[in-house]
Amino acid sequence: MSQGYTAKEVESKWYSYWLKHDLFTSKVDDREPFTIVIPPPNVTGVLHMGHMLNNTIQDVFIRHARMQGKNACWVPGTDHASIATEAKVVGRLREQGIKKSDLTREEFLKHAWTWTDEFGGVILDQLKRLGASCDWSRTRFTLEEDLSEAVNKVFVELYNDGKIYRDWKIVNWDPKAQTTLSNEEVIRKEVTSQLYYIKYKLVDQDDYLTVATTRPETIMGDTAICVHPDDERYKHIIGKHAIVPIVNREVPIIADTYIDREFGTGVLKVTPAHDTNDYEIGQRHNLESIDVLNPDGSIADIAGFAVGKDRFEARKLAARYLKENDLLIKNESIQNSVGYSERNADTVVEPRRSLQWFVRMDDIVKPALDAVLNGDIDFIPTKYVSVYKHWLDNIRDWPISRQLWWGHSIPAYYMRDEVFVAETKEEALVMAQSHFSDDSIQIEDLLQDPDALDTWFSSWLWPISVFDGFKEDKREFDYYYPTQVLVTGWDIIFFWVARMIFAGYTFKSEKPFEKVYFTGMVRDMQRRKMSKSLGNSPDALKLMDHYGADGVRFGVLSCAAAGNDLLFEEKLCENGRNFTNKLYNAFMLIDSWNTDSSELAREDQAAIQWFEARLNQLKSDVDKAISEFRLSEALMELYKATWTDFCSWYLEFVKRPKGEAYPAAVKEKSIEFFNQLLQLLHPFMPFITEELWQNLEERKEGESICVQSYPTASESRDKTWLDYGESARRIITGIRDIRQKASCKNQDTIKLTVYGKPSEAYTAFEQLIAKMTKAESINWVDHEVDGQESFVEKGATFYVDTGKTIDVDQLIQDLEAELSYTEGFVKQVQGKLSNARFVDNAPAAVVDKERQKLKDGLDKIEALKKNLSQYKS
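Keep in mind that what you see is a predicted model, and the values were worked out from it rather than measured.

Asker: What's the story with the overall build of the protein in this structure? I'm lost.
Answerer: Helix and strand counts for the protein come out as 26 helices and 31 strands. Once the C-alpha set of the protein is aligned to its principal axes, its extents read approximately 115 × 70 × 50 Å. Taken across its 873 residues, the protein has 53% of its residues classed as buried. By sequence separation, contacts in the protein at least 24 residues apart represent 77% of the contacts at least 6 residues apart.

Asker: Can you walk me through the packing of aromatic side chains in this structure?
Answerer: Where two aromatic rings form a pair, the distance of their centres and the angle of their planes describe that pair. One pass over the full model with this rule turns up 54 aromatic pairs. One aromatic cluster in this structure is built from Trp610, Phe611, Phe646, Trp649, Tyr650, Phe653, Phe673, Phe674, Trp721, Tyr724 and Phe765. Stacked on the ring of Phe108, the Lys or Arg Lys100 has its end atom at 5.5 Å from the ring centre. Its guanidinium or amino end placed over the ring of Phe477, Lys508 lies 5.0 Å from that ring's centre, counting from NZ or CZ.

Asker: Any chance you could explain the sheet that holds strand E9 (residues 224-227) here in plain terms?
Answerer: By way of backbone hydrogen bonds, the strands of a sheet pair with one another, either parallel or antiparallel. Reading across the sheet, the four strands line up as E10-E11-E9-E12 and stay open at both edges, with mixed pairing between neighbours. Two strands lie at the open edges of the sheet, namely strand E10 (241-244) and strand E12 (268-270), each paired on one side alone. Taking the axes of each pair of neighbouring strands and ignoring which way they run, one obtains an average angle of 35° across the sheet. One ladder, built from three bridges, connects E9 with E12; its direction is antiparallel. Among the inter-strand pairings, Ala224 is bridged to a residue of E12, identified as Val270.

Asker: What is the right way to look at the pattern of salt bridges in this model?
Answerer: Two side chains of opposite charge can pair, provided their charged atoms sit close to one another. Applying the stated criterion across every chain, the model contains 56 salt bridges. Residue Lys366 pairs with Asp370 through a salt bridge whose shortest N-O separation is 2.8 Å. Placement of the pair is Lys366 and Asp370 together in helix H9 (residues 362-373), with a separation of four residues, close to one helical turn. Overall, the relative accessible area of 54% leaves Lys366 in the exposed class. When salt bridges with common partners are traced through the structure, they connect Arg614, Glu637, Lys640, Asp645, Glu726 and Arg729 into a single cluster.

Asker: Please clarify how the packing of H9 against helix H15 (residues 493-507) should be interpreted in this entry.
Answerer: Two quantities define a packed helix pair, namely the angle between the helix axes and the distance between the axes. The interhelical angle for the contact between H9 and H15, taken along N-to-C directions, is 110°, at an axis separation of 8 Å. One element, H9, and the other, H15, form an angle in the roughly perpendicular class. Pair H9 / H15 crosses with right-handed handedness. Counted together, Ile364, Val365, Pro367, Ala368, Ala371 and Val372 of H9 and Ile501, Phe502, Tyr505 and Thr506 of H15 form the full contact between these two elements. Its residues assigned to classes, the contact of H9 with H15 shows nine nonpolar, one polar and no charged.

Asker: How do you make sense of the pairing of E9 when you look at a structure like this?
Answerer: For a regular strand, the rule is simple: side chains alternate between the two faces of the sheet. The alternating pattern of E9 places Ala224 and Cys226 and Ile225 and Val227 on opposite faces, both of which are buried. Both E9 and strand E11 (residues 249-255) contribute to a ladder of three bridges, which runs parallel. Across the sheet, residue Val227 finds its bridge partner in E11, namely Ala255.

Asker: Just to check I follow, could you spell out the packing of helix H17 (residues 570-592) against helix H20 (residues 664-681) for this structure?
Answerer: Contact geometry of H17 with H20 gives a least axis separation of 10 Å together with a crossing angle of 160°. As the angle between them shows, H17 and H20 are arranged roughly antiparallel. Along this stretch, H17 crosses H20, giving a crossing that reads as left-handed. Judged by residue contacts, Phe579, Leu583, Ala586, Phe587, Ile590 and Asp591 of H17 engage Lys667, Ser670, Ile671, Phe674 and Leu681 from H20. Of the residues belonging to the contact of H17 with H20, the class tally is eight nonpolar, one polar and two charged.

Asker: Would you mind showing me how to read helix H4 (residues 105-119) here?
Answerer: A turn of α-helix holds 3.6 residues, and therefore any two residues three or four places apart point the same way. With 15 residues, H4 extends 21 Å from end C-alpha to end C-alpha; this agrees with the ideal 21 Å at 1.5 Å per step. Regarding H4, the residues found buried are Arg105, Phe108, Ala112, Trp115 and Thr116. The buried residues of H4 occupy an angular sector of 100° when projected down its axis, which confines them to one face. Of the exposed residues in H4, those oriented more than 90 degrees away from the buried face are Glu106, Lys110 and Asp117. Of the surrounding secondary structure, the elements contacted by the buried residues of H4 are helix H3 (82-95), strand E4 (140-141) and strand E21 (452-453).

Asker: I would appreciate a short explanation of the environment of Glu701 in the present structure.
Answerer: Mapped onto the elements, Glu701 comes out in the loop between helix H21 (686-696) and helix H22 (720-741). On the basis of relative accessibility, which here comes to 55%, the residue Glu701 falls in the exposed class. Residues Glu701 and Asn581, spaced 120 residues apart in sequence, show a C-alpha to C-alpha distance of 26 Å.

Asker: Would you explain unusual backbone geometry in this entry?
Answerer: Residues apart from glycine generally show negative phi values, whereas peptide bonds are mostly found in trans. In this structure, the amide linkage connecting Ile380 to the following residue, Pro381, adopts the cis form with an omega of 0°. Among the secondary structure elements, Pro381 is positioned in the loop between strand E15 (378-380) and helix H10 (384-393). Put simply, Tyr481 and Pro482 share a cis peptide bond, and its omega is 0°. Counting through the fold element by element, Pro482 comes out in the loop between helix H14 (475-480) and strand E22 (483-489). In this structure, Asp326 takes a positive phi of about 55° despite not being glycine.

Asker: Looking at this structure, how should I read the nonpolar core?
Answerer: What tends to happen in soluble globular proteins is that the nonpolar side chains get buried as a cluster. Core analysis: the largest hydrophobic core is formed by 189 residues, its most contacted members being Phe379, Phe457, Phe502 and Phe684. Residue contacts for Phe379: discarding those within four places in its chain leaves Val372, Tyr384, Val385, Tyr388, Ile493, Val497, Ile501, Val516 and Phe518. In this structure, Tyr196, Ile198, Ile225 and Val267 belong to the second largest nonpolar core, which totals 32 residues.

Asker: What am I meant to see in the sheet that holds strand E14 (residues 350-359) here?
Answerer: Reading across the sheet, the four strands line up as E6-E5-E14-E16 and stay open at both edges, with antiparallel pairing between neighbours. The open sheet has two edge strands with one neighbour each: strand E6 (179-181) and strand E16 (398-399). In terms of strand pairing, strand E5 (residues 164-174) meets E14 through 10 bridges, oriented antiparallel. Along E14, the bridge assignment pairs Lys169 with Ser354.

Asker: Hey, could you run me through the side chain of Arg138 in this one?
Answerer: Residue position: Arg138 is located in the loop between helix H5 (122-130) and E4. The buried category is assigned to Arg138, whose relative accessible area is 12%. Reaching out from Arg138, the side chain makes a polar contact with the side chain of Tyr480 at a distance of 3.3 Å. In this view, Arg138 contacts Ser26, Lys27, Cys73, Val75, Pro76, Phe467, Glu476 and Tyr480; residues no more than four positions away in its chain are not counted.

Parameters and conventions
- Residues numbered from 1 in each chain as written.
- Predicted model: local features only at pLDDT ≥ 70, side-chain atom pairs only at ≥ 80, totals over all residues.
- Heavy atoms only, no water.
- Helix = DSSP H or I, 4+ residues; strand = E, 2+ residues; numbered from the N terminus.
- Buried < 20%, exposed > 50% of the residue type's maximum accessible area, 1.4 Å probe, protein only.
- Contact = heavy atoms within 4.5 Å.
- Phe/Tyr/Trp six-rings, centres within 6.5 Å; stacked < 30°, edge-to-face > 60°.
- Lys NZ or Arg CZ within 6 Å of the ring centre and 35° of its normal.
- Pairing = 2+ DSSP bridges.
- Axes fitted to C-alpha atoms, helices over the stretch in contact; angles between N-to-C directions.
- Salt bridge = Lys/Arg side-chain N within 4 Å of Asp/Glu carboxyl O.
- Parallel < 35°, antiparallel > 145°, perpendicular 65-115°, else oblique.
- Left-handed = near helix turned anticlockwise from the far one by under 90°.
- Nonpolar A, V, L, I, M, F, W, Y, C, P; charged D, E, K, R; others polar.
- Expected span 1.5 Å × (residues − 1).
- Arc of directions from axis to C-beta.
- Core = buried A, V, L, I, M, F, W, Y, C linked by side-chain atoms within 4.5 Å.
- Polar contact = N/O pair within 3.5 Å; in protein donor to acceptor, adjacent residues only side chain to side chain.

So this is what it looks like as structure tokens:
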């Protein structure tokens, strides 16, 4: 093993080794499966902090399951990401002087596939650098042939069941991408807008209505004025007509209970083509719908005003026209909610009437809602159950067509005003020939729908389609489905999580996963979301270059509680790198020990029995934390147990003077302990643990820590030695604190006098206490001792004679400060124990621990008061 730990070299070596020996490959067998499907990153993507967090968590779960002997299967893959990828390709073509509009669909798709082949695998290669132990032989792509066939199959099935339909509706329109968006792809933002108060003159009357609107650019599409039927101010004009300014069109004045009498003037201009609520009013009152916007957001010819101008420029022009023609009464600033495109963050979404394909959601929702509410699918943390329920209770039909070329083409074919929905064009041809009783119809006569399907319409099938669940041979699907856990961000609970649950129950009458672990958002220390524009998002690859993959994994996991945002700073990765170095140095120390056949000393036996008990407790705590999805707590327990308990205490307990040989049994036991610590740590920090495990002893080619049995706690958990060791550590720490106050040098010895009955813990660790504190003598007495600093441990008072002159005033000050702190601590514990809710609901072990803290604290207060009275008298 080379001197010094070089992360990049080690990581590359062992990842290649794992792949060479197929250690991540999963095949159907008789073991219990443990399956995770990766949230497929966009094919346009590169690794960012969110990916690092999400995939590290998945890797911990999958490596832990693999070491438990389960058939661990982690399916990787990428999403074709219609809007994002098409935008990338269009941008690249623009750089080459090519417009999308100058290409045929087939020509454009060739460019898109070239781009995908060139960049599509980048993020998966980056995940390998992170240590992701996916079964790469199973890598899937949402636009590959088999998955595309699955999409066509379910589209046809839903259409034939009456759950997919095509209709004119108001949709969310992204003028930049020029496609419709679902409600979930619209980000609502509070912005400052201008509210314009406009005169709408009444026909045949010398009067006008005042209409308040934030969108004067849509006036040209007004087809009615609406008031509330019970509004006394306007009852007399219902049924009359008003004149739409700018275009001078006469429109009816109608009444509808939708109107909010308190907003603005209580009068609404109705523009059915440009507002969802206006559209519904228009449907109820049979109003004309006039679309005054082009797909790119500019003003259409039919408007007759500001034609060709951008909608926001047209807003200014309309306001100026109204003011110049004495039709604008006033305008004022207001705060209102405006929708922005989730894909193009700077683009305001436009409500627009459009002919689109929709999925009826009413019947699909119920089993998916019930599954989460009754606990068949667990959400972690549970707070997202109410979020999920609220959304499903208010769900609307899902618009699934997108005005894009990159994506799954809609399997609908048109001829003579009829539509034929079929999995293939050949099947549609047979349907058309049968429908028209005309065998002369040719395949070229059919025109396929020009739109693509919403990307989520393929990814909602992901847990089913990656195991070919729509094919005849369902052996793999039946074995791996449902999957065990989905790890994903809470921000796509509606986009993806809910829809996968819909698909699972709709097509397979079964949940797609047992649990959903929601990660938080990665933020900086100022709680800002990480973004390139803010410059607060570190380069994930550079972090790994600098701190090593294990260091970065440690950094993102060390403070990543489920569902809570992660406050990230590079210091966390530095802590991780320091930990890898600590592990490496511990290995080098143990490896350097020379041994002989000497017997174990009594202090060696005590140290070994203590750490054996500590390790058993650690196994139990870590296993419980992982099973309860408390990964951050599990990692920090391992960190403290390894760094503090093993390296700082155990190795010091058994340490020999330089050049002195160690009993062979000490080295063997130390290697055994270290080996188990490495195995416990492996799911979290795979590279350093593999490197050290391989070098602890001679291994055969193909052996790996990643397929070793994960350490489990023994059933007999005698805490005696654990308690002995903890007591001994407190005694040693107390003595060291006094030595430090007295400015004892390392070579200085002390004398120790103990008043009280020797505890079993003290007796077992007596030699170690003397060794670790440089106590030249230890005397038990039956009386209190004057003039020496002391502390209490398990009813015994330890007096430390350092041979130094005591500064009594400083000592009194220190004792008073310690007494004040201890009294505050005791008060805090008493408050917790006086809380009936805590005592009744907390585990008995936790309550007992608090009671022991109280007893120890009260004993300490009594001893401190005795000491103070002694020095003050």
